[in-house]
Amino acid sequence: MNLTVATFNVSNLSLQVGRRMEFVARTIRLSQCQVVCLQEVSQREPVLQVLQQRYLPEFHHSVQWPGNDSRGMGLALLSTWPLHSSRSHADLRFPHPTRPGAGSAFSRDVVKVELDWGHERWSFYNLHLKSMRGGESSRLQRLAEVQALLNLLEQEQNPPLLLGDLNDGRHSTAVETLHQHYANSLEQATFPVKGPRHQFDYILMPPHLKSRLQSSRAWFESRASDHALLSATFCPPASAPLSIPSDRPE
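Residues numbered from 1 in each chain as written. Predicted model: local features only at pLDDT ≥ 70, side-chain atom pairs only at ≥ 80, totals over all residues. Heavy atoms only, no water.

K.L.:
Can you help me understand the overall build of the protein chain in this one?
P.N.:
Scanning the protein chain from terminus to terminus reveals four helices and 14 strands. Its C-alpha atoms give the protein chain principal-axis dimensions of about 55 × 45 × 35 Å. Residues counted as buried form 56% of the 250 residues belonging to the protein chain. Expressed as a percentage of contacts within the protein chain between residues at least 6 apart in sequence, the contacts between residues at least 24 apart total 67%. Here the protein chain has roughly 11100 Å² of accessible surface; of this, 48% comes from carbon and sulfur atoms. In the protein chain, 25 positive and 23 negative side-chain charges are present, and the distance between their average locations comes to 5 Å. (Helix = DSSP H or I, 4+ residues; strand = E, 2+ residues; numbered from the N terminus. Buried < 20%, exposed > 50% of the residue type's maximum accessible area, 1.4 Å probe, protein only. Contact = heavy atoms within 4.5 Å. Areas by Shrake-Rupley, 256 points an atom, 1.4 Å probe, with all protein chains shown as cover. Lys, Arg positive; Asp, Glu negative; His and termini not counted. Charge placed at Lys NZ, Arg CZ, Asp CG, Glu CD.)

K.L.:
Would you mind showing me how to read the packing of aromatic side chains here?
P.N.:
What characterises a pair of aromatic rings is the spacing of the ring centres plus the angle enclosed by the ring planes. In this structure the tally under the stated criterion is five aromatic pairs. The interplanar angle of 25° and the centroid separation of 5.3 Å between the aromatic rings of Phe-191 and Phe-200 together place this pair among those described as stacked. For Phe-200, a relative accessible area of 6% gives the class buried. Among the aromatic residues, those joined into a cluster by ring pairs are Trp-117, Trp-122, Phe-124 and Phe-234. (Phe/Tyr/Trp six-rings, centres within 6.5 Å; stacked < 30°, edge-to-face > 60°.)

Given below as structure tokens:
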């Protein structure tokens, strides 16, 4: 059995979006992912619970974090596999990119999640970097956030997958900096869904997972979000048979 993971910016998902939540769920289900990292889920309403319980009951495990977004939009994750741990880095401080001596923080959040897939423990970082609004100051903030992320990754014994909305193009300085250490699962424009011109959404792999990548695809559904869902499928290691946990539906 392979593992399919996905990232999806669901564009300010709240309980006031009409049928859009149905199309979000439909897109997730069409991708056949078992793990999906979500960005822009309202933390002021039980949006994740409604999405999970009403529309995606096969995803037995979920977690959400408040983050630093002033609009109240946070990061979340749904999984059919049991979660081992999760940690937000919303309170992490690092040097401000334009004010010497001052501190800064992630404009949204960077969240680490660990889960058990068969005999392996997988680590994911769910990312949502500073928006493009703000011109040069926003670009410098994204660079500072990438450097803070790389400092976190240096502490990892097993390099994780990075999934999320980086709010920057493939050849921007921020994304190129990450590509010095991680490989892109798919190079394709993902935003906006109607006439995509930019790749803002990424699944970035550490070197040891590149040989296990089976496929990667962008899923476009304008009724769900202005971002495409991006998925990547990985095969298990040849030496380790995969066991299915008892609480996972077959």
